[in-house]
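# Topology and contacts: notes
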Amino acid sequence: MKRTLLTVTLLAGSISLAACSSNSAKNRTAAELPPPPASSTTTTPPPPPSGPAAGSQADFVASVQSDTIHFDTDRYNVDAQSQTILQSQAQWLARYPMKRITIEGHCDERGTRDYNIALGERRANAAKNYLVSLGVDASRISTVSYGKERPIALGSDEAAWAQNRRAVTVTVQ
């Protein structure tokens, strides 16, 4: 019995102390409370730049009027609309003097393979020569002709042929 009484007394004392300590925490004044944690002064890094990387092909396409100029049937002359497009390309190239480009010459499906390879080469060189006349260093520009081998539009009608008669500027470095 003594043992039970002792256990009950100890238990009652423990409960009393626990209750007192919880009440005393509630009754503390603000001056007695520990200070709030210091605000962290870590700076968040700035968000990554949105949009394409400067000087990339995506930046080129986003910055110029177009990466493509078009030609009339069996022609390789740079018309007024194409001149405007090439001028915007020359301005972009002036901002990135270390960038090199390739101008791809393309044709529609009509004509022989050899004829279209030669015509595509003349188209690419016409675009190159115009860019050079605007101050772009010729050593930064290479040309390639794909003739009729890489059509952008499938079909055997004037709408498809008009889209395929083109010169496309592609950044290299």
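Look a little higher up for the structure.
An account of the accompanying structure is given in this report. Since the structure is predicted, the reported quantities are computational estimates derived from the model, not experimental observations.

All right, on to the environment of Thr68 then. By secondary structure assignment, the location of Thr68 is in strand β1 (residues 68-70). When its relative accessible area of 14% is taken as the criterion, Thr68 is described as buried. With 37 residues separating them along the chain, Thr68 and Gly105 place their C-alpha atoms 9.9 Å apart. Among residues more than four places away in sequence, those in contact with Thr68 are Ile85, Gln89, Arg166, Ala167 and Val168. Side-chain polar atoms of Thr68 contact the side chain of Asp67, separated by 3.0 Å.

In terms of residue burial, strand β2 (residues 101-106) counts as a mostly covered element, since six of its six residues are buried. Judged by which residues are buried, β2 turns out to be covered on both faces: Ile101, Ile103 and Gly105 on one side and Thr102, Glu104 and His106 on the other are all buried. Alignment of β2 against strand β3 (residues 141-147), held across six bridges, turns out to be parallel. In the sheet register, His106 faces β3, and the bridge partner there is Gly147. As judged from the six bridges shared by β2 and strand β4 (residues 166-171), these two strands associate in the antiparallel manner. Bridged to His106 within β4 is Arg166.

With that out of the way, let us pick up the sheet that holds β2. Within the open sheet, the four strands sit side by side as β1-β4-β2-β3. Their pairing is mixed. Each end of this open sheet is capped by a strand with a single partner; those strands are β1 and β3. Adjacent strand axes in the sheet meet at a mean angle of 20 degrees, parallel and antiparallel pairs treated alike. Most of the contacts of helix α3 (residues 80-95) go to β1, to which it runs at about 160 degrees, and overall it touches β1, β2 and β4. This element, helix α4 (residues 113-133), spans β1, β2, β3 and β4 of the sheet and lies at about 155 degrees to β3.

Now for unusual backbone geometry. With phi around 55 degrees, Asp74 is a residue other than glycine that occupies positive phi space. Mapped onto the elements of the fold, Asp74 is located in the loop between β1 and α3. Residue Asp74 is classed as partly exposed on the basis of its relative accessible area of 45%.

Here α3 spans 23 Å end to end across 16 residues, near enough to the 22 Å set by a 1.5 Å rise per residue. Of the residues making up α3, those classed as buried are Ser82, Ile85, Leu86, Ser88, Gln89, Ala90, Trp92 and Leu93. Residues of α3 that are buried make contact with α2 (57-63), β1, β2, α4 and β4.

On to the packing of α3 against α4, then. Packing of α3 against α4 leaves a shortest axis separation of 10 Å and a crossing angle of 55 degrees. The angle between α3 and α4 places the two elements in the oblique class. As α3 packs across α4, the resulting crossing turns out to be right-handed. Seen from α3, the contacting residues are Gln83, Leu86, Gln87, Gln89 and Ala90; seen from α4, they are Ala127, Tyr130 and Leu131. Of the residues in the contact of α3 with α4, the class split is five nonpolar, three polar and no charged.

Cut-off values and rules
- The numbers attached to residues start from 1 for each chain and follow its sequence in the written order.
- Two thresholds apply to this predicted model, a pLDDT of at least 70 for residue-level local features and 80 or more for giving and counting side-chain atom pairs, whereas whole-chain, interface and lining totals are computed over all residues.
- Note: side-chain values were computed over all heavy atoms of the structure, leaving out hydrogens and water.
- Runs of E in the DSSP output that reach at least two residues are strands. Runs of H or I that reach at least four are helices, and both are numbered from the N terminus.
- Throughout this description, buried means an accessible area under 20% of the type-specific maximum (1.4 Å probe, protein chains only), exposed means over 50%, and partly exposed covers the range between.
- By the convention used here, residues are in contact when the closest approach between their heavy atoms is within 4.5 Å.
- We define a polar contact as two N or O atoms separated by no more than 3.5 Å, with the added condition that, inside protein, one atom must be a possible hydrogen donor and the other a possible acceptor, whereas residues neighbouring each other in sequence contribute only through side-chain atom pairs.
- Criterion used throughout: strands pair if DSSP finds at least two bridges between them.
- Only the contacting stretch of a helix is used when fitting its axis, a line to C-alpha atoms as for every element, and angles between N-to-C directions run 0 to 180 degrees.
- One fewer than the residue count of a helix, multiplied by 1.5 Å, yields its expected span.
- The cut-offs work like this: below 35 degrees is roughly parallel, past 145 is roughly antiparallel, 65 to 115 is roughly perpendicular, and the gaps in between are oblique.
- The hand of a helix crossing depends on one turn: near helix anticlockwise from the far one by less than a right angle means left-handed, and clockwise means right-handed.
- Amino acids outside the nonpolar list (Ala, Val, Leu, Ile, Met, Phe, Trp, Tyr, Cys, Pro) and the charged list (Asp, Glu, Lys, Arg) are all regarded as polar, and Gly is one of them.

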